[in-house]
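Understanding the architecture of this molecule
Chain by chain, the residues run as shown.
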8 protein chains.
Amino acid sequence: MKARVSIIMGSTSDWAVMEKAAKFLNEMEIPFEINALSAHRTPDEVEKFAREAETRGVEVIIAGAGMAAHLPGVIAAMTSLPVIGVPVKSSFDGLDALLAIVQMPPGIPVATVAVNGAQNAAILAMQMLAVGDVELKEKMKHFKAGLKDKIVNANQTLAEHKFDYRVQ
Amino acid sequence: MKARVSIIMGSTSDWAVMEKAAKFLNEMEIPFEINALSAHRTPDEVEKFAREAETRGVEVIIAGAGMAAHLPGVIAAMTSLPVIGVPVKSSFDGLDALLAIVQMPPGIPVATVAVNGAQNAAILAMQMLAVGDVELKEKMKHFKAGLKDKIVNANQTLAEHKFDYRVQ
Amino acid sequence: MKARVSIIMGSTSDWAVMEKAAKFLNEMEIPFEINALSAHRTPDEVEKFAREAETRGVEVIIAGAGMAAHLPGVIAAMTSLPVIGVPVKSSFDGLDALLAIVQMPPGIPVATVAVNGAQNAAILAMQMLAVGDVELKEKMKHFKAGLKDKIVNANQTLAEHKFDYRVQ
Amino acid sequence: MKARVSIIMGSTSDWAVMEKAAKFLNEMEIPFEINALSAHRTPDEVEKFAREAETRGVEVIIAGAGMAAHLPGVIAAMTSLPVIGVPVKSSFDGLDALLAIVQMPPGIPVATVAVNGAQNAAILAMQMLAVGDVELKEKMKHFKAGLKDKIVNANQTLAEHKFDYRVQ
Amino acid sequence: MKARVSIIMGSTSDWAVMEKAAKFLNEMEIPFEINALSAHRTPDEVEKFAREAETRGVEVIIAGAGMAAHLPGVIAAMTSLPVIGVPVKSSFDGLDALLAIVQMPPGIPVATVAVNGAQNAAILAMQMLAVGDVELKEKMKHFKAGLKDKIVNANQTLAEHKFDYRVQ
Amino acid sequence: MKARVSIIMGSTSDWAVMEKAAKFLNEMEIPFEINALSAHRTPDEVEKFAREAETRGVEVIIAGAGMAAHLPGVIAAMTSLPVIGVPVKSSFDGLDALLAIVQMPPGIPVATVAVNGAQNAAILAMQMLAVGDVELKEKMKHFKAGLKDKIVNANQTLAEHKFDYRVQ
Amino acid sequence: MKARVSIIMGSTSDWAVMEKAAKFLNEMEIPFEINALSAHRTPDEVEKFAREAETRGVEVIIAGAGMAAHLPGVIAAMTSLPVIGVPVKSSFDGLDALLAIVQMPPGIPVATVAVNGAQNAAILAMQMLAVGDVELKEKMKHFKAGLKDKIVNANQTLAEHKFDYRVQ
Amino acid sequence: MKARVSIIMGSTSDWAVMEKAAKFLNEMEIPFEINALSAHRTPDEVEKFAREAETRGVEVIIAGAGMAAHLPGVIAAMTSLPVIGVPVKSSFDGLDALLAIVQMPPGIPVATVAVNGAQNAAILAMQMLAVGDVELKEKMKHFKAGLKDKIVNANQTLAEHKFDYRVQ
């Protein structure tokens, strides 16, 4: 089994956030790998990783990082695979990580999602894989249809709140 | 009994905030309805809701949403009823929700209140209904007069703090 | 002819922004009035205005202000009419005016629109008046339908840009 | 005994912050008064207060407020006494209150201190009173000299932290 | 020729920014289409577009929008294709558009690029298409290699600046 | 003639802003002095100035500074006179200067006015002097009364804009 | 033993942050000293400290401060030694301290590190000392090499998370 | 002649800002080199540069970058030399560049200066070199003494502004 998506993060403290990406891919039965890599502490390993990812069969990279979050951009500079960046909140409500990931200069995009939005990163990765994969496309449609259920449940919960002037 | 005000929100997690709108309308004996609707998860239901609200007799819509809060603006795009937007705080102290609601482009206004300001949204809805409704206008004046009492009570509480050089 | 909407602003320098509200109301044939009033320079006149607006037949107030923009909130405190606030940009990209208008405390809402969003303020005022006015409701629907035309025109303009790989 | 300084605030919830102003004035034996007043809920009382403060012998006003903090500016508009504004933190880390107080338009200044900086507001009030009062000027110098002691104590505390390579 | 990438924007005023995406795709010989669509002014057309894009053969959508930029998120809600969002700067230095695009709730990601980063959006679209397309993958690598040349040129330009103490 | 107010600034580039303070004091016939002093470039001169200001008869200090604006706080640390700080805009719309001036720690207040608000600084200085000076108090009241005239003029200007549906 | 690095801070409440600088220097066996000094409460002591630091053999100064953080800049103004500034978080997520430290005017730099980044300040101090010190240079390289180990450990921890579709 | 300071920047568009660093070093007769290097476009060259800088005799690195400014941090990760980061303003008033440079994680500091503060970066580099270099230390003191002259000139310029109530 080859990993189609590679999840990387700067430290284990990012796991609480990035775990949601792993869970989603697992649920969707998309093979993935997880690694800790630091743009600042292990630049050689980062480079090796970025250079070899494509050869190893990886198709999309999800990179989470906080503060002056360089990891997603540095990886993007060294691969032609699409890179999805997850700003991990640790200071300034995650604004520093968001800007350090999204504001990439011309030539090297990082597909940025919301602060701590690791699940959405995994959904986006699946959408990218589904571009040329009919089966995944179906799964994605199924997943999207399922989002409705949350709202149905929400309405059932809200229905429990009774007010004299509430119309139902 | 027809709902004159419709309260909508993106998920049940917004209820803790939006409840204050329901309580105020209930207290003022203005018939209202409450629904969960998501601009992103149930776009069809949102459209159906927006298209039919006026026909069903709804006169004002209050929409609460957080993060990239699209619900109020999306509803406003599909109805000619006035829409009041409540930015619900969940990240960036609610700044993302505030800007995503208030910064609407020319042609489609959303009447925005403070972050988590659901009670004020209900007061504003009542003021709109009162434009052509003498009875509600009287109630509104009565409510406004009552705001003074809080200050009177506040002064009584403050009077308990004794200092040698305090003049009373 | 009685003014149904009252447009107020802190100084003539706000006119370039607030003019759009006047133009829209004029186009919609809704009688309105325009006045300069300053929460800080003419507090007595502001009070007199706020107290008498309703008696004079005004149904909605639109107040534009910049910087520490107190005018909309101060007016809202003195009337039970709905007040629409327009943050006028003059410093901090209008963020100071936006926060000083939208972040009203419980009890006294101001219906806030985008920075410099005076036209939207007028549209919102019309929506409020239309709550109990069938004719205005029709006009509003007509106006909303007209918004589409801009997009049609936009597409015609965009169609002029030719690229070898553009599909039309 | 006439109050030389008047402390006002929008609600009793501001007391936890504003108490520090009262304590400082008390310690300095400067007569003061404390009142709750709301620019939005009791505009008439605010006006009455502002108009009469000078006649009653008040020389400086300290006004604390949060969110769209209009109280200091509204008071400043109605009196020629110097008004000191204290932004009280309740949302956006107090940025909304700070901007709504400090960004006053030309003609009506409010002397703004740090977010929650009520003690500094009282010190500033004392400095203003001391402009024409030799005795207060001496007290102020004495107070300023005392600020050093905190640093002396800080150094004694820091001295307790032992490190092999610390030089003392 | 079917469009593989669909570029949409809210108004022709966004063209100056979005043009860079069209130019890049054209240069890379990737068939694309361009349309103006407004989440707020033409909600029906937006829905029709989103529903039919996949059937028409579109594989990736690039959506540019400013202010309370709902277009990318609204499209993403109605399709299972990957959607790339370009925040277009028009107020608050583009911060409102950035937050309104990137801060999407769980379930509906938008792949966000830098403010005005339309060229990067097109590069990202190409990277997504290249996931299952060997030829595009080669083109992408070629493009990336070409980025170096800019730096080589930059160094030649910098070499012209002579200083006595510059070492070359 | 002794200077009652001392205006200081970090460099001549601040003069365009600080000139308004000088003009106001001149108009009010309050003796003042103007000096350039830099907390960073001439710390000794700053100290000498701060230590001697009171002895020389200065009663209030107005200090303007931009960026990491330390001058007002540094002066305030070395004198017991009230210090008014004017944040001068040169980067970040003046937010850096505003925060560096207003966020003083307990014990050393700086009376902060709006970004570039030098005229208001002078008005505030006059209000402080007027605390113990009946003549100045009268002048201040006269000045405040004059603020109304601007609004009267504003209304005359606004009256020139004719609309079919404008009520005057 | 002479202190090569001097750590200063505004109050003992900064110790929890600044302690990390002391620990790092101790571990690296670089002699240092720790003092509390306040730019605002003890300006004379600050000046004395700054003037004498170099004579006493200090080679680098690390200064931590919060809010309107003037200490690093004021010290930098009075010495020609390099000064490293640590913004200590106490309000606005440390943004006020960051801007008040980093935005120094031309002529007087402060080498600023991240909010609460005291350990990095100590590393930077060591890098400066190592410029002319071969032994320290070796230690620094050794330390940098050690940063890798954290990542190795992180990967071991991450390896414990098992998923059906995880590839390892 | 070996370069003691190495100035690097992401593109020639940064030259207008970074030139001030070159000019200062030239004036101080400190040998330096200038190169364009991009963390994103030429990652291999960046690594080669970082690895060899020390061997080539470089003692301090000054790196300027804008937007998601990774260059200074990426260089710092690959060398044990001190790295000074200059945030170059191109969007968000330079806030994105500032946060992406200063908010480095523990272990890898970047000595950050003000937005566009290239001259200060050069001064800081000189201060670092002067740690073990008596001659440079003297030059630095001389330079600092010269900063006073600007203020003297400023006062002469200010002296030209005459007011009836100005005391000189």
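The paragraphs below set out a description of the structure included in this document.

Rules used throughout
Residues numbered from 1 in each chain as written. Chains lettered and ligands numbered in written order. Predicted model: local features only at pLDDT ≥ 70, side-chain atom pairs only at ≥ 80, totals over all residues. Heavy atoms only, no water. Helix = DSSP H or I, 4+ residues; strand = E, 2+ residues; numbered from the N terminus. Buried < 20%, exposed > 50% of the residue type's maximum accessible area, 1.4 Å probe, protein only. Contact = heavy atoms within 4.5 Å. Buried area = accessible area lost by both parts, 1.4 Å probe. Salt bridge = Lys/Arg side-chain N within 4 Å of Asp/Glu carboxyl O. Polar contact = N/O pair within 3.5 Å; in protein donor to acceptor, adjacent residues only side chain to side chain. Least-squares fit on C-alpha atoms with pLDDT ≥ 70 in both. Arc of directions from axis to C-beta. Pairing = 2+ DSSP bridges. Right-handed = clockwise from strand over helix to strand, strands pointing away. Axes fitted to C-alpha atoms, helices over the stretch in contact; angles between N-to-C directions. Left-handed = near helix turned anticlockwise from the far one by under 90°. Phe/Tyr/Trp six-rings, centres within 6.5 Å; stacked < 30°, edge-to-face > 60°. Lys, Arg positive; Asp, Glu negative; His and termini not counted. Parallel < 35°, antiparallel > 145°, perpendicular 65-115°, else oblique. Nonpolar A, V, L, I, M, F, W, Y, C, P; charged D, E, K, R; others polar. Expected span 1.5 Å × (residues − 1).

Helices and strands together make up the secondary structure of chain A, namely six helices and five strands. The linear arrangement of helices and strands in chain A, starting from the amino end, is β-α-β-α-β-α-β-α-β-α-α. The principal-axis extent of the C-alpha atoms belonging to chain A is close to 65 × 40 × 30 Å. Within chain A, the fraction of its 168 residues that count as buried is 68%. Within chain A, counting contacts between residues at least 6 apart in sequence, those at least 24 apart form 65% of the total.

A few words on the interface of chain D and chain C. Across the contact, 25 residues belong to chain D and 25 residues belong to chain C. Taken together, both faces of the contact between chain D and chain C bury some 2,300 Å²; the carbon and sulfur share is 64%. Counting the surface chain D buries against chain C, the share from its top three residues, His40, His70 and Gln103 of chain D, is 26%. Close ionic contact of Asp44 of chain C with Arg51 of chain D constitutes a salt bridge, the shortest N to O distance being 2.4 Å. Inspection of the region where chain D meets chain C yields twelve residue pairs in polar contact (both at pLDDT 80 or more). Mapped by element, the contributors of at least two residues to the side of chain D that touches chain C are helix 2 (43-53), helix 3 (71-77) and helix 4 (95-102) of chain D. With four residues, helix 2 of chain D is the largest single contributor of residues to the side of chain D that touches chain C.

Excluding glycine, most residues fall at negative phi; most peptide bonds, likewise, are trans. Despite not being glycine, Glu29 of chain B has its phi angle at roughly 60°, a positive value. Structurally, Glu29 of chain B is set in the loop between helix 1 (15-27) and strand 2 (32-36). Even without a glycine there, the phi angle at Met67 of chain C is positive, about 55°.

Turning to the relation of the copies chain E and chain A, a few remarks are in order. Superposing chain E onto chain A takes a rotation of 180° plus a shift of 0.0 Å along the axis, which leaves an RMSD of 0.0 Å. This pairing of chains is accounted for by a two-fold axis. In this assembly, 100% of the residues forming the interface of chain E have copies in chain A that are likewise at the interface, indicating an isologous arrangement.

This part is about the pattern of salt bridges. Scanning the model with the defined rule gives 88 salt bridges over all chains in all. Of the charged contacts, one joins Asp133 of chain B and Arg4 of chain B as a salt bridge, the two residues approaching to 3.1 Å between their closest N and O atoms. Within this pair, whereas Asp133 of chain B is found in the loop between helix 5 (118-130) and helix 6 (134-159), its partner Arg4 of chain B is found in the segment before strand 1 (5-9), the two being separated by 129 residues in sequence. Connected via shared salt-bridge partners are Arg4, Glu59 and Asp133 of chain A.

With that settled, the discussion passes to the side chain of Glu33 of chain F. Tracing the sequence through the fold places Glu33 of chain F in strand 2 (residues 32-36). Within the structure, Glu33 of chain F has its side chain in polar contact with the side chain of Arg56 of chain F (distance 2.8 Å). In contact with Glu33 of chain F, not counting residues within four places along its chain, are Ala3, Val5, Ser6, Ile7, Phe49, Arg56 and Val58 of chain F together with Val167 of chain H.

Okay, helix 2 (residues 43-53) of chain A next. The set of residues buried in helix 2 of chain A consists of Pro43, Val46, Glu47, Phe49, Ala50 and Ala53 of chain A. Angular distribution of buried residues about the axis of helix 2 of chain A spans 160°; they occupy a single face of the element. Here the buried face of helix 2 of chain A lies against strand 1 (5-9), strand 2 (32-36), strand 3 (60-66) and helix 3 (71-77) of chain A together with helix 2 (43-53) and helix 3 (71-77) of chain H.

It is worth spelling out the pairing of strand 3 (residues 60-66) of chain G at this point. Remember that side chains alternate between the two faces of the sheet whenever the strand is regular. All names here are of chain G. With six of seven residues buried, strand 3 lies mostly within the body of the structure. Pairing analysis gives five bridges linking strand 1 (residues 5-9) to strand 3, with the strands arranged parallel. Looking across to strand 3, one finds that Ser6 is bridged to Ile61. Considered for its hand, the β-α-β crossover made up of strand 3, helix 3 (residues 71-78) and strand 4 (residues 83-88) is right-handed.

Attention shifts here to the packing of helix 5 (residues 118-130) of chain C against helix 6 (residues 134-159) of chain C. Residues and elements named next belong to chain C. Running from amino to carboxyl end, helix 5 crosses helix 6 at an angle of 145°, the nearest separation of the two axes being 8 Å. Viewed along their axes, helix 5 and helix 6 form a crossing whose handedness is left-handed. The segment helix 5 lies against helix 6, with Ile123, Met126, Gln127, Leu129 and Ala130 engaging Leu136, Lys137, Lys139, Met140, Phe143 and Lys144.

Before going further, it helps to spend a moment on the relation of the copies chain D and chain C. Overlaying chain D with chain C gives an RMSD of 0.0 Å, the required rotation being 180° about an axis along which the chain moves by 0.0 Å. The overlap is high: 100% of the interface residues of chain D also sit at the interface in chain C, so the same surface is used on both sides.

Scanning the entire structure with this criterion turns up 24 aromatic pairs over all chains. An angle of 65° between the planes, with centres 5.6 Å apart, marks the rings of Phe32 of chain A and Phe163 of chain G as edge-to-face. Of the two residues, Phe32 of chain A sits in strand 2 while Phe163 of chain G sits in the segment after helix 6 (134-159), which places them in two different chains. Taken together, the aromatic side chains of Trp15 and Phe32 of chain A together with Phe163 of chain G make up a single cluster linked through ring pairs.

Attention now moves to the side chain of Lys144 of chain C. Secondary-structure assignment places Lys144 of chain C in helix 6. No salt bridge is formed by the buried Lys144 of chain C; its nearest oppositely charged neighbour, Glu54 of chain B, is found at 9.3 Å. Each residue touching Lys144 of chain C, except ones within four places of it in the same chain, is listed here: Ala76, Ala77, Thr79, Ser80, Gly107 and Ile108 of chain B together with Gln127 of chain C.

Running from N to C, helix 2 (residues 43-53) of chain C and helix 2 of chain D cross one another at 160°; their axes reach a closest spacing of 12 Å. Looking at the two axes, helix 2 of chain C sits roughly antiparallel to helix 2 of chain D. The handedness of the crossing between helix 2 of chain C and helix 2 of chain D is left-handed. Note on element contacts: helix 2 of chain D touches helix 2 of chain C through Pro43, Asp44, Glu47 and Arg51 of chain D, opposite Pro43, Asp44, Glu47 and Arg51 of chain C. Tallied by class, the residues present in the contact of helix 2 of chain C with helix 2 of chain D amount to two nonpolar, no polar and six charged.

In terms of strand pairing, strand 3 (residues 60-66) of chain H meets strand 4 (residues 83-88) of chain H through six bridges, oriented parallel. Within strand 4 of chain H, the residue paired with Ile62 of chain H across the bridge is Ile84 of chain H.

Turning our eyes to something else, we now look at the interface of chain E and chain A. Listed per partner, the contact involves 38 residues of chain E and 38 residues of chain A. Between chain E and chain A, roughly 3,100 Å² of surface is buried when both sides are summed, and carbon and sulfur atoms account for 61% of that area. Looking at the side of chain E facing chain A, the largest losses of area belong to Ser80, Pro109 and Val131 of chain E, adding up to 18% of the total buried there. Summed over the shared surface of chain E and chain A, the result is two salt bridges. Where chain E meets chain A, there are 17 residue pairs in polar contact (both at pLDDT 80 or more). Elements that contribute at least two residues to the side of chain E that touches chain A include exactly helix 3 (71-77), helix 4 (95-102), strand 5 (111-112), helix 5 (118-130) and helix 6 (134-159) of chain E. Partitioned by chemical class, the residues of the side of chain E that touches chain A number 25 nonpolar, eight polar and five charged.

This part is about helix 1 of chain B. Residues and elements named next belong to chain B. Between its first and last C-alpha atoms helix 1 spans 18 Å; for 13 residues at 1.5 Å apiece the expected length is 18 Å, and the two agree. Looking at helix 1, one finds that the buried residues are Trp15, Val17, Met18, Ala21, Ala22, Phe24, Leu25 and Asn26. Directly beyond the C-terminal end of helix 1, a positive phi value near 60° is found at Glu29.

Turning to the environment of Arg56 of chain E, a few remarks are in order. All names here are of chain E. Locating Arg56 in the fold gives a position in the loop between helix 2 (43-53) and strand 3 (60-66). Using a relative accessible area of 34% as the deciding quantity, one classes Arg56 as partly exposed. C-alpha separation for the pair Arg56 and Arg166, spaced 110 residues apart in sequence, amounts to 59 Å. Sequence-distant contacts of Arg56, defined by excluding residues within four places in its chain, comprise Lys2, Glu33 and Phe49.

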